[in-house]
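Survey of secondary and tertiary structure
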Amino acid sequence: MSEEIRNVVILGSGCSGLTAAIYTGRANLKPLVLEGHEPGGQLSMTTLVENFPGWPEGIMGPELVDNMRKQAERFGAEFRMGHVSAVDIKNRPFTLTVGKEEIKTQAIIIASGASARWLGLPNEKALIGHGVSSCATCDGFFFSGKEIAVIGGGDSAMEEALFLTRFASRVTLIHRRSAFRASKIMLDRARANGKIHFLTDTVVEDVLDPAAKEVTALKLRNVVSGKVWDLPVSAMFLGIGHEPNAKMFQGLLETDDDGYLKIRDYVHTGVPGIYACGDVADRRYRQAITASGTGCMAAIEVEKYLEEVGH
Ligand code: NAP
């Protein structure tokens, strides 16, 4: 087994991890990026990004993230598929277990992001990939000419609903309250789209039909009137937010009640040599540009840390 000790390992390959890779690469630290279970992060599953500075006409999310990756590779970043199953951060160098391999490193940048949340309905899991999805850009195409439901009241739900109107004959947006979390511009766009119909104060109780191995209807309940009914649809897309990917650090690093890593002084986790950036530590902004910004900060902190400890 090689006794190589890396300068820095970056967990995650979304825009925070890739920005950290560009900066640590340019600092000649030869970063290793572990890509995680969603290579490219959330940007790789989105469509047009209109608010990343420098792209006046917008840029497709996958293209933006691919550009960042090429930029990191140009400066010597190494990429590896794999998911960290265990960490030892009590001893130095730190040890990360990836499959059967142990990777030793002086510093860690946690940029593992956040993953889509599910509703937890009885039949939901059985129908994932058969009409239940959290990624409109991945699966919308399969439902051309069909009626679709989107769940949620935030920007993700509006974005998914708008995107799905390209394929669906009708999109029903189902939200558990009557007030929306979405920004005004996104809500206005969705309201102005004739294919999108709103069902508010309504919750999904289950999704049918696991026996047929396809989505045929949603069981709905109006939380004000108590009315229950079935809405025939061919797909259910979730747009109900995300969970931080920080379980491997549970009990080792400080987290808030929802599992987001707690940071101080911008990107410090409280353990010297370990920094967190992007959505795994950000429940407030969660934008590509803020994730990139904190990725840059984490990289600069790693440079300083390695200098201080003499590596
Ligand atoms: P979010 O703002 O947290 O909204 C999640 C929505 O899902 C809320 O309306 C919430 O309902 C609902 N929800 C959560 N759990 C639910 C459950 N178990 N059952 C039913 N409904 C549930 O998340 P997001 O929409 O993913 O947005 C996250 C951040 O990314 C925001 O800052 C947003 O602005 C940003 N974003 C921006 C864009 C864009 O600008 N193009 C696109 C996507 C996301 P309640 O309201 O009742 O809590």
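The following refers to the structure shown. Everything quoted here is computed from the prediction, not taken from an experiment.

Quick notes on the rules
- For every chain, the first residue of its written sequence is number 1, and the numbers climb from 1 along that sequence.
- Under the rules for a predicted model, residues below a pLDDT of 70 receive no local features and side-chain atom pairs below 80 are neither given nor counted, while totals for whole chains, interfaces and linings still include all residues.
- Note that the side-chain values use all heavy atoms of the structure and ignore hydrogens as well as water.
- Under the scheme used here, helices are H or I runs from DSSP no shorter than 4 residues and strands are E runs no shorter than 2 residues, and both carry numbers assigned from the N terminus.
- One less than the number of residues in a helix, times 1.5 Å, gives the span that helix is expected to have.
- A 1.4 Å probe rolled over the protein chains alone gives each residue an accessible area, and that area as a share of the maximum for its type sets the label: buried under 20%, exposed over 50%, partly exposed in between.
- The arc in question is the one spanned by the directions pointing from the helix axis to the C-beta atoms.
- In what follows, residue pairs with any heavy atoms lying within 4.5 Å of each other are defined as contacts.
- We call a residue near a molecule or strand as soon as one heavy atom of that residue lies within 4 Å of the molecule or strand.
- Polar contact criterion, stated in full: a pair of N or O atoms within 3.5 Å, where within protein one must be able to donate a hydrogen and the other to accept it, and residues adjacent in sequence count only if both atoms are side-chain atoms.
- Accessible surface area values rest on a Shrake-Rupley calculation with a 1.4 Å probe, where residue burial reflects the displayed protein chains alone.
- Where each domain begins and ends follows an automated or database-derived domain assignment.
- A strand pair is defined by DSSP finding two or more bridges across the two strands.

Details of helix α2 (residues 61-74)
In this model α2 runs 20 Å from its N-terminal to its C-terminal C-alpha over 14 residues, within 8% of the 20 Å that 1.5 Å per residue would give. Residues G61, L64, V65, M68 and A72 constitute the buried set of α2. Looking straight down α2, one finds its buried side chains confined to an arc of 90 degrees; they lie on one side. Next to the buried residues of α2 lie α1 (15-26), β3 (48-49), β4 (59-60), β5 (78-80) and α6 (288-308). One or two residues past the end of α2 sits G76, with phi positive at roughly 95 degrees.

Here's the deal with the site of the ligand
Around the ligand, 20 residues are found, and the nearest of them are D155, S156, R176, R177 and R181. The separation between an oxygen atom of the ligand and a polar side-chain atom of R176 is 2.9 Å. The contact in question runs from an oxygen atom of the ligand to an N or O atom on the side chain of R181, over 2.6 Å. Contact with the protein chains covers 78% of the free accessible surface of the ligand, which is 920 Å². Top contributing element to the shell around the ligand by residue count: helix α4 (residues 155-164), with three residues. Shared between two domains, the shell around the ligand takes at least three residues from each, and those domains are domain 1 (5-115 + 242-308) and domain 2 (118-238).

Brief notes about the pairing of strand β17 (residues 235-238)
Neither face of β17 is left uncovered, since the one carrying A235 and F237 and the one carrying M236 and L238 both have all their residues buried. Bridging between strand β10 (residues 132-133) and β17 involves two bridges; their strand directions are parallel. Pairing of S133 across the sheet is with F237, part of β17. Bridging between strand β11 (residues 147-151) and β17 involves four bridges; their strand directions are parallel. Directly across from V150, in β17, lies its bridge partner F237.

Notes on the environment of K90
Following the sequence through the fold, K90 ends up in the loop between β6 (84-88) and β7 (94-98). A residue is classified by how much of its surface remains accessible, and K90, at 70% relative accessible area, is exposed.

Things to note about helix α5 (residues 184-192)
Burial in α5 covers these residues: M186, L187 and A190. Down the axis, α5 shows its buried residues gathered within 95 degrees of arc, on one side only. Along α5, exposed side chains directed more than 90 degrees from the buried face belong to K184, I185, R191 and A192. Where the residues of α5 are buried, they touch α4 and β13 (196-199).

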